Amino acid sequence: MRLLAENPELTQRELAEALGISLGATNYCLRALIDKGLVKAENFRKSHRKRAYLYTLTPSGIAEKLRVTRAFLARKQAEYSAIEQEIEELRRELQEESG
């Protein structure tokens, strides 16, 4: 969704390449996002390609992107805190063993 928000003019092929997934998987995912009302596909008439579309996030899509981003950040912050605690415990163990 971030790629679409930043680059609504991307073709499905370009999106597939950027995500590292197949064109079929990209089409399937885009269709699901469109069906859920998170993305809107509009004809891009000024394009030299006959079937060019602009994929834009709908207001619901923007809200979902924010929700997913917040959840991702919370998960990563929790992981970071856990790693910091583990590093501190390892430092204490090293100090106890060497001193």
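Scroll up to find the structure.
The structure displayed is predicted, hence computed values, not measured ones.

Q: Just give me the short version of the overall build of the chain, but keep the residues and values in it.
A: Within the chain, the secondary structure is distributed over four helices and two strands. For the chain, the α and β elements follow one another from N to C terminus as α-α-α-β-β-α. Since a compact globule built from 99 residues should have a radius of gyration of about 13 Å, the 21 Å found for the chain marks it as more spread out than a globular shape. Based on the C-alpha atoms only, the size of the chain along its principal axes is roughly 75 × 25 × 20 Å. Per-residue burial for the chain yields a buried fraction of 16% across its 99 residues.

Q: Any chance you could break down the packing of helix H2 (residues 12-19) against helix H3 (residues 23-35) for me, citing the residues and the numbers?
A: Where H2 contacts H3, the two axes come as close as 9 Å, and the packing angle between them is 105°. Relative to H3, H2 is oriented roughly perpendicular. Where H2 approaches H3, its residues Gln12, Arg13, Leu15 and Ala16 are matched on the opposing element by Leu23, Thr26, Asn27 and Leu30. Per-class residue counts for the contact of H2 with H3 are four nonpolar, three polar and one charged.

Q: An account of the side chain of threonine 58 is needed here, citing residue identities and associated values.
A: Note on placement: threonine 58 falls in the loop between strand S2 (53-57) and helix H4 (59-98). In this view, threonine 58 contacts Gly37, Leu38, Val39 and Lys40; residues no more than four positions away in its chain are not counted.

Q: Tell me about the pattern of salt bridges, and please be specific about residues and values.
A: Scanning all chains against the criterion turns up two salt bridges. Residues glutamate 64 and arginine 67 are paired through a salt bridge, measuring 2.7 Å at the closest nitrogen-oxygen approach. Taken together, the positions of glutamate 64 and arginine 67, both in helix H4 and three residues apart, correspond to about one turn of that helix. Take glutamate 64: its relative accessible area is 24%, and that puts it in the partly exposed class.

Q: If you had to explain the layout of surface pockets to someone new, which residues and values would you point to?
A: Approximately 240 Å³ is the volume found for the largest pocket. Looking at the largest pocket, the residues that line it are Met1, Arg2, Glu64, Lys65, Val68, Thr69 and Phe72. With five residues, H4 is the single largest residue contributor to the lining of the largest pocket. Partitioned by chemical class, the residues of the lining of the largest pocket number three nonpolar, one polar and three charged.

Rules and cut-offs
- Residues numbered from 1 in each chain as written.
- Predicted model: local features only at pLDDT ≥ 70, side-chain atom pairs only at ≥ 80, totals over all residues.
- Heavy atoms only, no water.
- Helix = DSSP H or I, 4+ residues; strand = E, 2+ residues; numbered from the N terminus.
- Rg over C-alpha atoms; globule rule 2.2 N^0.38 Å.
- Buried < 20%, exposed > 50% of the residue type's maximum accessible area, 1.4 Å probe, protein only.
- Axes fitted to C-alpha atoms, helices over the stretch in contact; angles between N-to-C directions.
- Parallel < 35°, antiparallel > 145°, perpendicular 65-115°, else oblique.
- Contact = heavy atoms within 4.5 Å.
- Nonpolar A, V, L, I, M, F, W, Y, C, P; charged D, E, K, R; others polar.
- Salt bridge = Lys/Arg side-chain N within 4 Å of Asp/Glu carboxyl O.
- 1 Å grid on protein atoms, 1.4 Å probe; cavity = no way out; pocket = protein on both sides within 12 Å on 5 of 7 lines; lining within 4 Å.
- Points joined across faces, edges and corners; volume = space filled by probe spheres on them.

In short, shape yes, function no, at least from these values alone.
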